[in-house]
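Tertiary structure, described
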Amino acid sequence: MNITELLPRLHLLTLGAYQAYLWVDGGAATLIDTGARGSGPAIAEGLRRIGLDTGAVARVVLTHFHDDHVGSAAEVAAWNGMSVVAHVNDAPVIRGERVGPSPNFADEERTLHAQVAAGLEGAPPVRVDRTVVDGDVLDFGGGAQVISTPGHTDGSIALYLPQHGVLFTGDVVAHHQGSVIPGVFNLDRDQVVASFRRLAELDARVVCFGHGAPLRHDGRTRMREAAACLDR
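Now for a description of the structure that goes with this document. Everything numeric here is computed off the predicted structure, so don't read it as measured data.

Topic: the nonpolar core
Counting 27 residues, the largest nonpolar core has L13, L31, L62 and I94 as its most contacted members. Of all the elements in the fold, those that place two or more residues in this core are β2 (10-15), β3 (18-25), β4 (28-32), α1 (40-49), β5 (57-61), α3 (73-77), β6 (83-87) and α4 (91-94). The contacts of L31, once residues within four sequence positions are left out, are L13, A20, Y21, L22, I43, V57, R59, V60, V61 and V76.

Take a look at the structure:
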């Protein structure tokens, strides 16, 4: 586990092959995604390294239902009375009430998915205390705006903190080998492209991806340049 300070209130948690983010307001932490199953001890260690304990986590926000993002949500949620937040469309999958739909793989994605998903355990069900939709605002970071970004899953969300110029994209956007690209393993690529373009319109300086290194400076320019090249 590595923890990297991106801003004084924002940290990247590297959890093996996966990642999550911590936003801290005073002594209250918000965790965005939880990595794969079994990542709880690493997340707790990340909190410890910045002077917090597991009781400091006020909420966990799940950007979508895939196992590499919600894998440790049940373990983390059991630490205290934190609120677990997810989009209304993905919440039934996260709770274990139904099975989530499989991606519509492009031909070149099938081999890649088999490689990256090898050994990834299924996420245990976890309660969802608050369901959100597009336009809702969460009480951290001066008001975190929920942006519905369908396409990767029906209930994918991004979070935008306008006071700080920070954007959490979930898996609709990725950063791979220096390029900002649409995420892979999607339900509907056309929707992903539309969601990508919507995020590119935001005034985000720091952009935090579900996969790939965050953009720490001038993220808006990189996002807009990438969006302009889509489907040319």
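So much for the structure itself; the text now carries on.
Some points on the sheet that holds β4
Strand order across the open sheet formed by 7 strands is β1-β2-β3-β4-β5-β6-β7, with mixed pairing between neighbours. What marks the edges here is a single partner per strand, and that holds for β1 (2-7) and β7 (130-132). Going across the sheet, the axis of each strand differs from the next one's by a mean of 25 degrees, ignoring polarity. Pairing analysis gives 6 bridges linking β2 to β3, with the strands arranged antiparallel. Bridge pairing in β3 places L12 opposite Y21.

Here's the deal with a nonpolar patch on the surface
Residues L112, V116 and V184 make up a contiguous nonpolar surface patch of roughly 200 Å² in combined accessible area. Turning to its location among the elements, L112 is positioned in helix α5 (residues 109-116).

What to know about the environment of V132
Within the fold, V132 resides in strand β7. Excluding anything up to four places from it in sequence, V132 contacts V85, A86, H87, V88, L138, V146 and I157.

Examining the packing of aromatic side chains
On inspection of all chains with the given rule, the structure shows 2 aromatic pairs. Ring centres of Y21 and F168 lie 5.6 Å apart, and the angle between their planes is 65 degrees; this geometry places the pair in the edge-to-face category. Of this pair, Y21 sits in strand β3 while F168 is found in strand β11 (residues 166-170), placing the two residues 147 residues apart along the sequence. No difference in accessibility class separates Y21 from F168, as the two residues are buried. On the numbers, 5.9 Å between centres and 75 degrees between planes, the contact of F105 with F185 is edge-to-face. Separated by 80 residues along the polypeptide, F105 in the loop between α4 and α5 and F185 in the loop between β13 (179-182) and α6 (189-200) bring together distant segments of the chain.

Here we look at the sheet that holds β11
Within the open sheet, the 5 strands sit side by side as β8-β9-β10-β11-β14. Their pairing is mixed. Two strands lie at the open edges of the sheet, namely β8 (137-138) and β14 (206-209), each paired on one side alone. Packing of α6 onto the sheet brings it into contact with β9 (144-148), β10 (157-161) and β11, and relative to β9 it is tilted by some 155 degrees.

Remarks on the pattern of salt bridges
Under the definition given, this model contains 6 salt bridges. D25 serves as the salt-bridge partner of R9, at 3.1 Å between the closest nitrogen and oxygen. Residue R9 is located in the loop between β1 and β2, and its partner D25 is located in strand β3; the two are separated by 16 residues in the primary sequence. Assessed through its relative accessible area of 38%, R9 is described here as partly exposed. The class for D25 is partly exposed, based on a relative accessible area of 24%. Between R220 and D203 there is a salt bridge, with the nearest N and O atoms lying 2.9 Å from each other. Pair noted here: R220 is in helix α7 (residues 219-228) and D203 is in the loop between α6 and β14, with a separation of 17 residues, a long-range link. Look at R220 and you get partly exposed, because its relative accessible area is 32%. Of the residues examined, D203 reaches a relative accessible area of 45% and is grouped as partly exposed. The network of salt bridges with common partners includes E45, R48 and R49.

Calculation criteria
Residues numbered from 1 in each chain as written. Predicted model: local features only at pLDDT ≥ 70, side-chain atom pairs only at ≥ 80, totals over all residues. Heavy atoms only, no water. Core = buried A, V, L, I, M, F, W, Y, C linked by side-chain atoms within 4.5 Å. Buried < 20%, exposed > 50% of the residue type's maximum accessible area, 1.4 Å probe, protein only. Helix = DSSP H or I, 4+ residues; strand = E, 2+ residues; numbered from the N terminus. Contact = heavy atoms within 4.5 Å. Pairing = 2+ DSSP bridges. Axes fitted to C-alpha atoms, helices over the stretch in contact; angles between N-to-C directions. Patch = residues over 30% accessible without salt bridge, like charges linked within 9 Å, V, L, I, M, F, W, Y side chains within 5 Å. Areas by Shrake-Rupley, 256 points an atom, 1.4 Å probe, with all protein chains shown as cover. Salt bridge = Lys/Arg side-chain N within 4 Å of Asp/Glu carboxyl O. Phe/Tyr/Trp six-rings, centres within 6.5 Å; stacked < 30°, edge-to-face > 60°.

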